[in-house]
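Chains, contacts and geometry: an overview
Chain residues, written in single-letter form:
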Amino acid sequence: MEPKHSHQLIIDNVTRFIDLTELEKQKYISLLTEVKVKKKAFLMQAGEVTKYEYFITKGCLKVYTLDEEGSPHISMFAVEDYWTGDMASFMTKEPSHYFIKATEDSELLGISRANYELLFQEIPKFERFYRILYQKSLISYIRRSNQGISLTAEERYIEFKRKYPNIVNRITQKDLAAYIGITPEFMSKIISKVNRM
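Residues numbered from 1 in each chain as written. Predicted model: local features only at pLDDT ≥ 70, side-chain atom pairs only at ≥ 80, totals over all residues. Heavy atoms only, no water.

Topic: the UniProt feature "domain: Cyclic nucleotide-binding" (unreviewed entry) in the protein chain
As annotated by UniProt and renumbered to match this structure, "domain: Cyclic nucleotide-binding" (unreviewed entry) occupies residues 16–120. The annotated region residues 16–120 carries 22% helix and 42% strand content, and the separation between its end C-alpha atoms amounts to 18 Å. (UniProt positions renumbered as here; feature names shortened; annotations may be inferred. Helix = DSSP H or I, 4+ residues; strand = E, 2+ residues; numbered from the N terminus.)

Following this line, the structure appears as structure tokens:
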């Protein structure tokens, strides 16, 4: 049986870090749930316990929190070949502090907590894959936190454009401002200035 394109994308993602037999690939695919999220719909909301870890096969989503005034603070954008979810909520079964909302019609593959545990029992090498995935996530979080402290808003924008050229034209200026940590008006000035450079 030929895997669907979305399944091939996740298998390619996994096999960058671990080798899988055809049987292991089929077992992994059998443990995944296909999810579709329309543009502007929530995949998850703060207060819910995260039931799945997700891999994006199509689309774009934003992960964010809201401050006391209700202003969003975007921590990441997830597009094709990215993983998303709230790892802390998924692992601890405690309510999430995050919202995950589609900025485009999106398609994902999710693995439930029960299937995640089953996967480790049946194919132990997946523990290595998820360890690497979580390490990369932690490193990315630390780097982003450090940039928020040490770089100017303009430098953060330039770095975002450099690091995520496949995302910058897929998001609104308002969302980009919420990611950089500035007002949309200031974001507009920075974009104009950088584009003139």
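Past the structure itself, the notes keep going.
Structural notes on helix α7 (residues 173–180)
For α7, the buried fraction is high: six of the eight residues fall into the buried class. Residues of α7 that are buried make contact with β4 (60–66), β5 (72–79), α5 (126–150), α6 (153–163) and α8 (184–196). G181 occupies a position one or two residues after α7 and carries a positive phi of about 95°. (Buried < 20%, exposed > 50% of the residue type's maximum accessible area, 1.4 Å probe, protein only. Contact = heavy atoms within 4.5 Å.)

Considerations on the pattern of salt bridges
Inspection of the entire model under this criterion finds 10 salt bridges. Its salt-bridge partner being E22, residue K25 comes within 3.1 Å of it at the nearest N-O pair. Residue K25 and its partner E22 are both found in helix α2 (residues 22–30); the two are separated by three residues, about one turn of the helix. The salt bridge partner of K27 is E122, with a shortest N-O separation of 3.2 Å. Of the two residues, K27 sits in helix α2 while E122 sits in helix α4 (residues 113–122), which places them 95 residues apart along the sequence. The class for K27 is partly exposed, based on a relative accessible area of 27%. Of the residues examined, E122 reaches a relative accessible area of 44% and is grouped as partly exposed. (Salt bridge = Lys/Arg side-chain N within 4 Å of Asp/Glu carboxyl O.)

Notes on the sheet that holds β5
Strand pairing in a sheet takes place through backbone hydrogen bonds and is either antiparallel or parallel in direction. The strand order across the open sheet built from four strands is β2-β7-β4-β5, with neighbouring strands paired in antiparallel fashion. In the strand order of this sheet, the two ends are held by β2 (42–44) and β5, each with one partner. Strand-to-strand twist across the sheet, computed as the mean angle between neighbouring axes with direction ignored, equals 30°. The sheet contact formed by β4 and strand β7 (residues 99–102) spans four bridges and is antiparallel. Considered in β7, the bridge of L61 is made with A102. α7 rests against β4 and β5 of the sheet, and its axis sits at about 110° to β5. (Pairing = 2+ DSSP bridges. Axes fitted to C-alpha atoms, helices over the stretch in contact; angles between N-to-C directions.)

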